[in-house]
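Below, each chain spelled out in residue letters.
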Amino acid sequence: MVKWLFVGFTALFGFMLNFGFTPDVETKLKALERVTALRLRVFFLLCRVCLGLRAIITSGLRSTAQQAALHAADPRNAAAGSSSHERGLSADVNFLDAAGNNVLRKATPKSVWEKSGVVALAALCGLRWGGTAFPGYYDPVHFDSL
Ligand SMILES: [Zn+2]
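This report concerns the structure included in the present document. For clarity, every value in this text was computed on a predicted model and none was experimentally measured.

**Looking at the pairing of strand 2 (residues 90-96)**
Sheet faces and side chains relate simply in a regular strand, where the side chains alternate between the two faces.
Item 1. Within strand 2, 7 of the 7 residues are buried, leaving the element largely enclosed by the surrounding structure.
Item 2. What you see with strand 2 is no split at all: Ser-90, Asp-92, Asn-94 and Leu-96 on one side and Ala-91, Val-93 and Phe-95 on the other are buried throughout.
Item 3. Pairing geometry for strand 2 and strand 3 (residues 102-104), over 2 bridges, is antiparallel. Residue pairing across strands places Leu-96 opposite Asn-102, the latter belonging to strand 3.

As structure tokens, then:
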């Protein structure tokens, strides 16, 4: 019994090492609200294992000043004080293929995001997708737990 626990733990540990996140992703996940971070971890792991896509977080937790600057640059971004990013409930994510090409980003068409399987996996993990969440504003890199 103990032997099989050891074998199982070793296999799991090896798996986690191979599919671990980059230090930058880890830092950004740790700054988020705990349940949101856990949902994103499972989501990223599923994307890696099932689709071969590696997630990078382009924006996670934001200060009110950072949100105000984004809103000033593009009024379609939430006003300061009203973004889920300021509460650690969301992350903006791009996905890289095995060769390191950024294949899912802000400019990527909705049909490509949907066909990739990423959108379905996000829903499975209880994450809302910005590609359809905001009337009049297509924000496919945005995932939140609202
Ligand atoms: Zn966002």
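Further notes follow.
**Quick look at the coordination of the zinc ion**
Octahedral metal centres with six donors ideally show angles of 90 or 180 degrees, and tetrahedral centres with four donors ideally show 109.5 degrees.
Item 1. The zinc ion binds to the protein through His-85 (NE2), Asp-92 (OD) and His-142 (ND1), with metal-donor distances spanning 2.0 Å.
Item 2. Read in sequence order, the donor residues coordinating the zinc ion give the pattern H-x6-D-x49-H. Taken as a pair, His-85 and Asp-92 share a single burial class, namely buried.

**Digging into the nonpolar core**
Item 1. Among the nonpolar cores identified, the biggest contains 25 residues, and Leu-40, Phe-43, Phe-44, Phe-95, Trp-113, Val-118 and Phe-143 are the most heavily contacted of them.
Item 2. Looking at this core, the elements with two or more residues in it are helix 2 (23-31), helix 3 (34-51), strand 1 (54-59), strand 2 and helix 6 (118-124).
Item 3. Leaving out residues up to four positions away in the same chain, Phe-95 has contacts with Phe-43, Cys-47, Leu-53, Arg-54, Ala-55, Asn-101, Asn-102, Val-103, Leu-104, Trp-113, Val-118 and Phe-143.

Calculation notes
- Residues numbered from 1 in each chain as written.
- Predicted model: local features only at pLDDT ≥ 70, side-chain atom pairs only at ≥ 80, totals over all residues.
- Heavy atoms only, no water.
- Buried < 20%, exposed > 50% of the residue type's maximum accessible area, 1.4 Å probe, protein only.
- Helix = DSSP H or I, 4+ residues; strand = E, 2+ residues; numbered from the N terminus.
- Pairing = 2+ DSSP bridges.
- Donors = N, O, S within 2.8 Å, 3.2 Å for Na, K, Ca; no water.
- Core = buried A, V, L, I, M, F, W, Y, C linked by side-chain atoms within 4.5 Å.
- Contact = heavy atoms within 4.5 Å.

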